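Inside the fold
For reference, the chains in residue letters:
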Amino acid sequence: MWVSTKAQYGLRALIEIGKQGGDAVPLKDVSERQGLSQHYLEQIASNLRRAGFIRSIRGAHGGYRLARPAAEINAYDVVTALEGSIAPVQCVEDDHTCESQNVCGTQDLWFRVDAALRDVLGGTTLADLIEQSERQQHSRLVQIEGNYSGSVGS
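Residues numbered from 1 in each chain as written. Predicted model: local features only at pLDDT ≥ 70, side-chain atom pairs only at ≥ 80, totals over all residues. Heavy atoms only, no water.

**Looking at the packing of aromatic side chains**
The way to describe two aromatic rings as a pair is by their centre distance and the angle between their planes. Where we set the bar: When two rings of Phe, Tyr or Trp (its six-membered ring) have centres within 6.5 Å they constitute a pair, described as stacked for plane angles under 30 degrees, edge-to-face for angles over 60, and tilted for the intermediate range. Where helices and strands are cited, they refer to DSSP runs of H or I of at least four residues and of E of at least two residues respectively, numbered from the N terminus. Categorising residues by exposure relies on relative accessible area from a 1.4 Å probe, with only protein chains included: less than 20% of the type maximum marks a residue as buried, more than 50% marks it as exposed, and the intermediate range marks it as partly exposed.
Counting across every chain of the model gives 1 aromatic pair. Taking the centre distance of 5.7 Å and the plane angle of 75 degrees together, the rings of Tyr-9 and Tyr-40 count as edge-to-face. Of this pair, Tyr-9 sits in helix 1 (residues 5–19) while Tyr-40 is found in helix 3 (residues 38–50), placing the two residues 31 residues apart along the sequence. Here Tyr-40 falls in the partly exposed class, since its relative accessible area comes to 23%.

Written out as C-alpha cells, the structure reads:
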C-alpha cells in the first residue's frame, strides 16, 4: 500500500484548518505554513469539501473550516475519501474475493495487514493529530529557546 501525497497533504491541510478552531483559514495560509503548492491544495480541498470534511466560507475573511468536530473525523475516512481503497492487495478489498484463496499461503498475512491499517487509521482522529502537531510545535519552540538562551551568555 502506498499513500499518495494527496492523502498526506489532505491530512496536513485538515490539521492546519483544525488548529484554527472555528475560524476560516485561507488555503494560501495552509500552503505557506505547510510548504505545499496552493494549486494542489485547491484540488485536494475540493475533494475534502465534497466528502464533507470541510466547508468553504466566502467573503473577505473567507477560507475553509471543519464541517464537523475534529474528534469526529478519523484518518481512515480521510485517506479513503482521497485515495479510494487502501487494501494492501486486491484480494482483501471489501468487494473482491480471491480466486487463489485455497492455494495462497499469504492471504491471511494480507488480511492482518489490512486490519492493522484500518485499526491505526480508524483509531486516529483529526483531534489526535492536531494535539500531536501542537505538542511537536511546542517541543521545537522549547528547543529553539533553549539553544538561544544557551548562546546568549557565550
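**Re the environment of Tyr-76**
Put simply, the test is: Any two residues having at least one pair of non-hydrogen atoms within 4.5 Å are treated as being in contact.
Along the polypeptide, Tyr-76 turns up in helix 4 (residues 75–83). A sequence separation of 49 residues divides Tyr-76 from Thr-125, and the C-alpha atoms of the two residues are 8.7 Å apart. Apart from the residues within four sequence positions on either side, Tyr-76 is in contact with Ile-86, Arg-118, Leu-121 and Gly-122.

**Regarding helix 1**
Here is the rule we go by: Multiply 1.5 Å by the residue count of a helix minus one, and that product is the helix's expected span. In protein, a polar contact requires one atom able to donate a hydrogen and another able to accept it; more generally it is a pair of N or O atoms within 3.5 Å, and residues adjacent in sequence count only if both atoms are side-chain atoms.
Here helix 1 is 15 residues long and its end C-alpha atoms lie 21 Å apart, about the 21 Å a rise of 1.5 Å per residue gives. Among the residues of helix 1, those classed as buried are Ala-7, Tyr-9, Gly-10, Leu-11, Ala-13, Leu-14, Ile-15, Glu-16, Ile-17 and Gly-18. The N-terminus of helix 1 is capped by Ser-4, whose side-chain oxygen sits 3.2 Å from the backbone nitrogen of Lys-6. Immediately beyond the C-terminal end of helix 1, within one or two residues, lies Gly-21, with a positive phi of roughly 65 degrees.

**Description of the pairing of strand 1 (residues 54–57)**
The condition that has to hold: By definition, two strands form a pair when at least two bridges between them are found by DSSP.
When strand 1 meets strand 2 (residues 63–66), the two strands line up antiparallel, connected through 4 bridges. Counterpart to Ile-57 in the pairing with strand 2 is Gly-63. From the end of strand 1 to the start of strand 2, which pair antiparallel, there are 5 residues, and Gly-59 there has a positive phi angle of about 110 degrees.

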